[in-house]
Amino acid sequence: MVSGARLEVRGVSHAFALEKRALPVLQAIDFIAEPGDFVALLGPSGCGKSTLLRLVAGLEPPSEGQLLVDGVPITGTDPSRTIMFQDPTLFPWRTVRGNAQLGPEARGSLAANAARIEAALSLVGLDAFAEAYPHQLSGGMAQRASLARALVNEPRILMLDEPLGKLDSLTRLAMQRELVSLWQRERFTALLVTHDVEEALLLADRVLVLSDRPARIRADIRVETPRPRRRDDAGLVALREEILALLGLAQAA
Amino acid sequence: MNATEDPRWFRALLALLAILTGLLLLALPLAAVFAEALRRGWDVARAAILEPDTLAAIRMTLIVAAISVPLNTVGGLAAAWCIAKHDFPGKRLLLVLVELPLSVSPVIAGLVFVLVFGLQGWLGPWLQARGIQVIFALPGLVLATLFVTFPFVARTVLPLMQDQGRAEEEAAATLGASGWQIFQRVTLPNIRWALLAGVLLCNARAMGEFGAVSVVSGHIRGQTNTMPLHVEILYNEYQFAGAAAVAALLALLGLVTLVAKSVLERLSGRRVSGAEGAPMRMLTVVSGGLLLPFVQV
Ligand SMILES: Nc1ncnc2c1ncn2[C@@H]1O[C@H](COP(=O)(O)OP(=O)(O)OP(=O)(O)O)[C@@H](O)[C@H]1O
Ligand SMILES: [Mg+2]
């Protein structure tokens with residue numbers, strides 16, 4: 001069994017070059033996720049959450065600071081750090097199964113992973129659609145296919161960029177439960193980006209609340225409530241109010 | 001009726017005009033070539049094509065295309081890939097260079113090669129001292145054809161590559177695919193139909209090019225003549241039957257290419273699931289068709 005990795009984000013700042021001007025997106029982000037932590041990232045739209053995941057995935061080097069996995073600096077992509085993108089970015093010329101198996105295929109371990117691929121597909125409820133092409137899927141199904149594709153690689157760090165954003169509320173609830181049990185079984189370190197405060201509180205051990213762009217960590221909130229959690233749990237409701245206030249969305253009531 | 005919409009009769013008139021122009025200027029002359037070729041009967045046309053100098057010209061055309069099309073496919077792909085997926089100084093310049101052959105007259109292209117590689121040219125003495133002949137020989141024909149047909153592959157795949165962006169390739173990278181695997185499994189499948197269409201266009205032009213090739217060829221019968229050049233020679237010698245026969249063969253090649261291209265466009269337009277096998281079968285048929293005219297030769 002592969003277990004989660006320790007992720008250290010040390011003084012990371014990042015800026016994009018935009019029309020000769022630098023657009024600062026992340027500013028002095030500092031946190032450590034212990035192996036098997038479930039960390040949620042909450043923040044306003046466009047503040048830099050996806051950018052932070054791109055840095056952890058190794059798709060881009062940070063302008064400043066360091067990212068380390070188990071003490072080793074991240075220098076590029078690695079299948080042990082997989083990301084489920086905000087857009088499913090499935091390969092349209094491949095079936096759902098074809099998409100899910102790209103990782104093992106590229107690493108030449110397709111045969112060894114056959115069972116894992118089927119398991120991932122059935123976990124996301126797409127076993128009946130294994131031979132379907134992406135354009136035949138609904139938005140939510142495409143996101144689930146993308147999740148299966150990430151899971152197949154036995155990631156030690158799994159990044160989820162608004163994974164449940166396109167799902168209807170019922171499927172969403174079911175998938176939230178599935179995600180938690182999946183994480184409890186596999187013990188990967190999870191980084192979840194979401195807009196939904198409730199979702200963050202239901203799933204994560206820790207919620208990092210980010211500021212407007214350039215994103216700084218405004219609060220690092222521990223969620224100690226034991227699982228399975230109920231959304232009307234008094235402790236969670238209190239945390240929810242606290243976070244909403246931080247995001248400037250406190251309700252008068 | 002929508003305010004921005006033209007009246008129906010007007011649209012019909014425009015369409016009719018366009019079709020008539022097309023028929024009159026494009027289809028009719030083409031039909032005339034075939035009619036002329038077969039006017040004295042099938043046997044005469046066949047004999048004209050089986051003439052040794054004509055066969056040599058056909059062979060030369062095929063050799064030139066067989067060398068320049070693969071080279072330009074690789075070169076065009078590389079150029080499109082650099083332009084679409086990367087930012088680097090000189091990117092604009094590369095884009096201009098890719099389109100240069102489209103805006104420069106082919107005759108000038110041919111002339112440039114003569115000025116560089118010809119006996120009086122910059123590299124002429126150096127090449128001659130080593131016994132290498134470029135101008136009035138196969139290398140010159142290939143160079144001229146390479147220049148003229150370079151934009152076709154690059155221009156057809158570039159828009160698609162730009163549309164695609166980097167997201168799919170990045171997804172593959174995070175799944176552990178190496179650079180070459182990403183190209184092979186993500187970039188290439190995404191552009192395959194456009195690539196094939198570009199290759200077909202490139203091939204059609206490579207076989208049909210006249211201007212640039214004419215300057216560097218020297219028109220040595222049986223040696224450096226290609227089909228288009230041979231058509232002109234025959235015509236100038238009042239061998240109308242022969243000229244028409246070779247011209248018809250050349251036109252047929254072009255037509256097959258066009259049909260193949262539009263079939264490919266149809267297939268790529270509707271990316272039907274499970275139809276993966278069908279395009280490949282089509283392709284075999286199409287490539288078979290491309291070779292068909294030579295089977296009788
Ligand atoms: N490749 C890029 N080049 C230039 N600017 C970029 C690039 N990618 C992102 N940005 C900018 O960086 C900022 C943060 O983008 P990011 O995608 O990280 O936001 P986000 O927090 O994920 O937003 P959302 O919640 O809406 O997905 C945005 O203002 C965006 O315009
Ligand atoms: Mg985002």
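This text follows the structure it describes.
Computed from a predicted structure; not experimentally measured.

**Comments concerning the packing of helix H5 (residues 106-117) of chain B against helix H7 (residues 138-164) of chain B**
All names here are of chain B.
Then, number 1: Between H5 and H7, the least distance of the axes is 10 Å, while the angle of their chain directions is 140°. Between H5 and H7, the angle is such that the two are oblique. Crossing of H5 over H7 shows right-handed handedness. Here Pro106, Ala109, Phe113 and Phe117 of H5 lie close against H7, whose contacting residues are Leu143, Ala144, Phe147 and Val148.
Then, number 2: Taken together, the residues of the contact of H5 with H7 sort by class into eight nonpolar, no polar and no charged.

**Comments concerning the site of ligand 1**
All names here are of chain A.
Then, number 1: Not every one of the 15 residues close to ligand 1 is listed here, only the nearest: Ser45, Gly46, Lys49, Ser50 and Thr51.
Then, number 2: A distance of 3.2 Å separates an oxygen atom of ligand 1 from a polar backbone atom of Cys47.
Then, number 3: Take Thr51: an N or O atom from its side chain is 2.6 Å from an oxygen atom of ligand 1.
Then, number 4: When contributions to the shell around ligand 1 are tallied by element, the ones reaching two or more residues are strand S1 (7-18), strand S2 (21-33) and helix H1 (49-57).
Then, number 5: The element contributing the most residues to the shell around ligand 1 is H1, with three residues.

**Notes on helix H2 (residues 42-49) of chain B**
Then, number 1: Listed as buried for H2 of chain B are Ala45, Ala48 and Ile49 of chain B. Along the axis of H2 of chain B, the buried residues cluster in a sector spanning 95°; they form a single face.

**Some thoughts on the sheet that holds strand S3 (residues 38-42) of chain A**
Residues and elements named next belong to chain A.
Then, number 1: Across the sheet, six strands lie side by side as S6-S7-S8-S3-S9-S10; this open sheet has mixed pairing. Each of the sheet's edge strands pairs with one partner strand only, and the pair in question is strand S6 (81-84) and strand S10 (217-222). Across the sheet, the mean angle separating the axes of adjacent strands is 15° when strand polarity is ignored.
Then, number 2: Of the strand pairs in this sheet, S3 and strand S8 (residues 189-194) are connected by five bridges, and their pairing is parallel. For Leu41, the partnering residue across the bridge sits in S8 and is Val193.
Then, number 3: Across the sheet, H1 lies against S3, S6, strand S7 (157-161), S8 and strand S9 (206-210), angled at about 155° from S7, the strand it touches most.
Then, number 4: Packing against the sheet, helix H8 (residues 234-246) makes contact with S3, S9 and S10, and its axis sits at approximately 175° to S10.

**Observations concerning the coordination of the magnesium ion (ligand 2)**
Residues and elements named next belong to chain A.
Then, number 1: Note on the magnesium ion (ligand 2): its protein donors are Ser50 (OG) and Gln86 (OE1). The metal-donor distances range over 1.9 to 2.3 Å. Placement of the pair is Ser50 in helix H1 and Gln86 in the loop between S6 and helix H2 (96-100), with a sequence separation of 36 residues.
Then, number 2: The class of Gln86 is partly exposed, set by a relative accessible area of 32%.

Rules and cut-offs
- Residues numbered from 1 in each chain as written.
- Chains lettered and ligands numbered in written order.
- Predicted model: local features only at pLDDT ≥ 70, side-chain atom pairs only at ≥ 80, totals over all residues.
- Heavy atoms only, no water.
- Axes fitted to C-alpha atoms, helices over the stretch in contact; angles between N-to-C directions.
- Helix = DSSP H or I, 4+ residues; strand = E, 2+ residues; numbered from the N terminus.
- Parallel < 35°, antiparallel > 145°, perpendicular 65-115°, else oblique.
- Left-handed = near helix turned anticlockwise from the far one by under 90°.
- Contact = heavy atoms within 4.5 Å.
- Nonpolar A, V, L, I, M, F, W, Y, C, P; charged D, E, K, R; others polar.
- Near = heavy atom within 4 Å.
- Polar contact = N/O pair within 3.5 Å; in protein donor to acceptor, adjacent residues only side chain to side chain.
- Buried < 20%, exposed > 50% of the residue type's maximum accessible area, 1.4 Å probe, protein only.
- Arc of directions from axis to C-beta.
- Pairing = 2+ DSSP bridges.
- Donors = N, O, S within 2.8 Å, 3.2 Å for Na, K, Ca; no water.

These figures come from the coordinates and say nothing about function on their own.
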